[in-house]
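Chain and residue survey
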Amino acid sequence: MSSSSSRERLGLLLGFIGMAIFGGTLPATRLAVAEIDPIALTAIRTAIAGLCSLALLIVLRRPLPRRELWPQLALVMLCVAILFPLLMAEGMQRVDASHGGVVLGVLPIATALVAVTITHERPRPLFWVAAVVGAALVIAFALRDGGGTLSTGDLFLFASVAVSAVGYGFSGRLTAEMPGWEVISWVLVIALPFALPAAALTMPADPLHISLKPWLGLLYVALFSQWIGFFAWNAGMAMGGIARVSQVQLLQPFVTFVLASVFNGETITPQVVLFAAAVVATVAISARTRGRTRVVPEQRAALALTRAPE
């Protein structure tokens, strides 16, 4: 086996590991918000991940990002370190993790739309058809589960898709300037001045009265969903090729279903699986029909964005 082939296989394996880690985000959040307030969960998870990021950057003696990159890092921080986890946690208080898995399944399309704007692509008409159909499927699913109306949980999840797509789009552009793990680490460090005071103020009054599962859920989203998952995912795309490894993401809703069934005791109906499969199909079509522009280094990562990890 050639070294190139071995590298690609390792990249696919790392991509699968990253995808599986992100697939556990909704079930873990669902466990955590059972006893921890969403605001506290967001603050504590971001503070833990931020402190770990700061320690890693210091140990590796990474230089500060250039001054002109800080506004983009701040925007990504607002979207992926504060708003997305908060909105998702609020949604997980109100709907099942499997339901959220279907709704967030359209996130790759939303991220691609942001990337299209950033890179000035001109996608083929089929891309727009797939995007509209994917969005319509998710809305139809939410209306079906909500008895004809959108629930508050769905509105929170839709909002989380919007803000995360913006954050992931600009995060992808920043990977042209520094490795992906460094982007997320600096983003989390920038969040520390907000996260640490918020964590201190919102910490549960009697942590000992909170059972083990919510704490484990919090640790999972703090260390894996918010931080470590990015390492495996970004390294996988670098080694195995963005086009190939990004296809692994199509399995993520189904990983979420399995984990929600095992750890949250949720019943996964055939209708849920069918809706998820249909959404995944629109994601696959949109990824294959995006237009091509002259790719400069600044655009390369953004062009490849079909999802970004949670």
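This text gives an overview of the structure that appears in the document. Predicted model only: the values in this text are computed from it and were never measured.

In terms of helices and strands, the protein chain carries 14 helices and zero strands. For the protein chain, the α and β elements follow one another from N to C terminus as α-α-α-α-α-α-α-α-α-α-α-α-α-α. For the protein chain, the C-alpha radius of gyration of 19 Å lies close to 19 Å, the compact-globule estimate for 310 residues. Considering only C-alpha atoms, the protein chain reaches an extent of 55 × 50 × 40 Å along its principal axes. When contacts within the protein chain are restricted to residue pairs at least 6 apart in sequence, long-range pairs at least 24 apart make up 87% of them. Total accessible area on the protein chain stands at roughly 13,600 Å², and carbon and sulfur atoms take up 68% of it. Each charge class in the protein chain can be summarised by its mean position, and for the 21 positive and 15 negative side chains these summaries are 12 Å apart.

Let's shift gears to the packing of aromatic side chains. Using the criterion set out here, one finds nine aromatic pairs in the structure. On the numbers, 5.6 Å between centres and 75 degrees between planes, the contact of F22 with F230 is edge-to-face. On the criterion of sequence distance, the pair formed by F22 in helix α1 (residues 3-23) and F230 in helix α10 (residues 212-240) is long-range, its members being 208 residues apart. The residues F22 and F230 share a single accessibility class, namely buried. Note on W227 and F231: the rings are 5.2 Å apart at their centroids and 65 degrees apart in plane angle, and the pair reads as edge-to-face. Residue W227 and its partner F231 are both found in helix α10; the two are separated by four residues, about one turn of the helix.

For helix α2 (residues 25-32), the buried fraction is high: six of the eight residues fall into the buried class. Here α2 has its buried residues at T25, L26, P27, A28, T29 and A32. Each element contacted by the buried residues of α2 is listed here: α1, α3 (38-59), α4 (70-92), α5 (97-103), α10 and α12 (252-263).

In this structure, L41, L73, V80, M92, L104 and V187 are the most contacted members of the largest nonpolar core, which totals 71 residues. For this core, the leading source of residues is α4, giving eleven residues.

For the rest of this paragraph, the subject is unusual backbone geometry. The backbone phi angle of R61 is positive, close to 55 degrees, even though this residue is not glycine. The topology assignment puts R61 in the loop between α3 and α4. Residue class for R61 comes out exposed when judged on its relative accessible area of 76%.

What counts, and where the lines are drawn
Residues numbered from 1 in each chain as written. Predicted model: local features only at pLDDT ≥ 70, side-chain atom pairs only at ≥ 80, totals over all residues. Heavy atoms only, no water. Helix = DSSP H or I, 4+ residues; strand = E, 2+ residues; numbered from the N terminus. Rg over C-alpha atoms; globule rule 2.2 N^0.38 Å. Contact = heavy atoms within 4.5 Å. Areas by Shrake-Rupley, 256 points an atom, 1.4 Å probe, with all protein chains shown as cover. Lys, Arg positive; Asp, Glu negative; His and termini not counted. Charge placed at Lys NZ, Arg CZ, Asp CG, Glu CD. Phe/Tyr/Trp six-rings, centres within 6.5 Å; stacked < 30°, edge-to-face > 60°. Buried < 20%, exposed > 50% of the residue type's maximum accessible area, 1.4 Å probe, protein only. Core = buried A, V, L, I, M, F, W, Y, C linked by side-chain atoms within 4.5 Å.

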